[in-house]
Amino acid sequence: MRCMGRAHSLLVHAPDVALQHMDAAVVSRGMEQAIRQGRLVPFGSGRMYPAPVNPCRIYSADGRFLAVGRYDFVKGLWRPEKVLDTHPLDGGPEITSSR
């Protein structure tokens with residue numbers, strides 16, 4: 001297949017490239033499952049975890065971009081807002097909403 005015109009100059013980037021300004025958190029395998037199901041999760045506190053005032057990128061232990069989450073101040077937990085279907089056997093990420 002040969003691309004003609006400007007189309008050949010367009011690049012496809014990973015979905016998290018545009019979100020590099022956000023803090024990031026890496027979650028355990030058990031928390032990954034909860035995130036994938038849209039459940040609220042604790043991240044803990046300290047330097048390794050994002051500030052609760054901003055949305056953050058959430059990654060699996062093996063480096064897959066799972067979701068964008070936001071802190072729920074009422075419940076004191078992180079809420080996944082946009083979850084990507086990034087199972088290794090899938091054909092690619094599919095964005096879903098947990099709302």
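Residues numbered from 1 in each chain as written. Predicted model: local features only at pLDDT ≥ 70, side-chain atom pairs only at ≥ 80, totals over all residues. Heavy atoms only, no water.

1. So, the overall build of the chain
Reasoning step 1: Along the chain, the regular secondary structure elements total 1 helix and 5 strands.
Reasoning step 2: In the chain, the order of α-helices and β-strands from amino to carboxyl end is β-α-β-β-β-β.
Reasoning step 3: Of all 99 residues assigned to the chain, the portion counted as buried reaches 30%.
Reasoning step 4: Long-range pairs, those at least 24 residues apart, make up 46% of the contacts in the chain with a sequence separation of at least 6. (Helix = DSSP H or I, 4+ residues; strand = E, 2+ residues; numbered from the N terminus. Buried < 20%, exposed > 50% of the residue type's maximum accessible area, 1.4 Å probe, protein only. Contact = heavy atoms within 4.5 Å.)

2. Quick notes on the pairing of strand E2 (residues 56-59)
Reasoning step 1: Of the two faces of E2, the one lined by Cys56 and Ile58 and the one lined by Arg57 and Tyr59 are each fully buried.
Reasoning step 2: For strand E1 (residues 23-26) and E2, the ladder comprises 4 bridges, and the chain directions are parallel. Residue pairing for E2: Val26 is matched across the bridge by Tyr59. (Pairing = 2+ DSSP bridges.)

3. A word on the packing of aromatic side chains
Reasoning step 1: Summed over all chains, the structure comprises 3 aromatic pairs.
Reasoning step 2: Between Tyr59 and Phe65, the ring centres sit 5.4 Å apart and the planes meet at 40 degrees, which makes this aromatic pair tilted. Side by side, Tyr59 and Phe65 carry an identical accessibility label, which is buried.
Reasoning step 3: Pairing Tyr71 with Trp78 gives two aromatic rings, centres 5.3 Å apart and planes at 70 degrees, and the pair type is edge-to-face.
Reasoning step 4: By way of ring pairs, the aromatic residues Tyr71, Phe73 and Trp78 are connected into one cluster. (Phe/Tyr/Trp six-rings, centres within 6.5 Å; stacked < 30°, edge-to-face > 60°.)

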